[in-house]
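Now for the letters of each chain:
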Amino acid sequence: MGELTRGVRLGVDVGQVRVGVARSDPHGVLATPLVTLARDLTAAPDAVPTDMAQLAQLVAEHEAVEVVLGLPVNLAGKIGPAARHVTAYADRLADVIAPVPVTLTDERMSTVVASRRLAERGVRGKRQRAVVDQAAAVEILQSWLEAQRRRTE
C-alpha cells in the first residue's frame, strides 16, 4: 500500500450553519483546529458560496494536498438527508478546489465526541458552540489519518 503522501490535509465538518475546519501537519500525524466558517446559503446557483471560496483560500494558503469531509451516515450506516447534503457540498467543493481531491469519510459521532471532549476541558455553552465545529473537524481528520496509517502498516 505504501505510505500516505506527504502534505497538509484539511478536515472539514459541514453543518447547516457553520463549517469547521482543521488541518494536519505535513506528515499526517496530528490534526489541529484551524477556523470556523459561516455557511453561505444565499449564493446564487452559478456563484461560489463564500464558505467554499474561503475553503479554496485555505487550501491554497496551507498548500493542502487533500480535503477530508466528514460524511454523517446514521448509526446504522445508512445515508440520510444530512449525508446527501454533505455529498452535494463535497461535489461542489471538488469543482471549486480542483485538482485537489475531496475525500468523504464516515464521521459518525464526531460532533458528540468533540462536544464531550470540550466539556471535559470545561468548555461549555456559547464558548463550546463557537469551537465545536473545529473540534469535530479535528476528530474527523484525526480518525481518517489514523485509519490511513493503519492501512499502510
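To start, this report covers the structure provided alongside it. This one's a predicted model, so the numbers in the text were calculated from it and none came from an experiment.

### Overview of the side chain of Glu66
Mapped onto the elements of the fold, Glu66 is located in strand β4 (residues 66–71). In this structure the side chain of Glu66 is engaged in a polar contact, spanning 2.6 Å, whose partner is the side chain of Thr103. In contact with Glu66, other than residues within four places in its own chain, are Val8, Arg9, Leu10, Val100, Pro101, Thr103 and Trp144.

### Points about the sheet that holds strand β1 (residues 9–14)
Judged by pairing direction, the sheet is mixed, and its five strands sit side by side in the order β3-β2-β1-β4-β5 without closing on themselves. Each of the sheet's edge strands pairs with one partner strand only, and the pair in question is β3 (31–38) and β5 (102–106). Across the sheet, the mean angle from the axis of one strand to that of its neighbour is 25°, orientation sign disregarded. Across four bridges, the pairing between β1 and β4 is parallel. For Val12, the partnering residue across the bridge sits in β4 and is Leu69. Contacting β1, β2 (18–24), β4 and β5, helix α2 (residues 81–97) crosses the sheet at an angle of about 170° to β4.

### Structural notes on the nonpolar core
Counting 23 residues, the largest nonpolar core has Leu55, Val67, Leu69, Tyr89 and Leu93 as the members making the most contacts within it. For this core, the elements supplying multiple residues, two or more each, are β1, β2, α1 (50–61), β4 and α2. Beyond its immediate chain neighbours, meaning those up to four positions away, Leu93 contacts Met52, Leu55, Val67, Leu69 and Val102. Residues Val68, Val138, Ile140 and Leu145 belong to the second largest nonpolar core, which totals nine residues.

About the criteria used
Residue numbers run consecutively from 1 along every chain, following the written order of its sequence. A pLDDT threshold of at least 70 governs which residues receive local features in this predicted model, and a stricter bar of 80 or more applies before side-chain atom pairs are shown or counted, although totals over entire chains, interfaces and linings include all residues. Side-chain metrics in this entry use all non-hydrogen atoms of the structure; hydrogen atoms and water are not considered. Per the convention used, a helix needs a DSSP run of H or I reaching at least four residues, while a strand needs a run of E reaching at least two, with both numbered from the N terminus. Pairing of N or O atoms within 3.5 Å defines a polar contact, subject to two protein rules: one partner must be a possible hydrogen donor and the other a possible acceptor, and residues neighboring in sequence count only if both atoms are side-chain atoms. We call two residues contacting when some pair of their heavy atoms lies within 4.5 Å. At least two DSSP bridges between two strands are needed for those strands to be called paired. Think of each axis as a best-fit line through the C-alpha atoms, taken over the contacting stretch in the case of a helix, with angles from 0 to 180 degrees between the N-to-C directions. Residues enter a nonpolar core if they are buried and are Ala, Val, Leu, Ile, Met, Phe, Trp, Tyr or Cys, with the set joined through side-chain atoms within 4.5 Å. Categorising residues by exposure relies on relative accessible area from a 1.4 Å probe, with only protein chains included: less than 20% of the type maximum marks a residue as buried, more than 50% marks it as exposed, and the intermediate range marks it as partly exposed.

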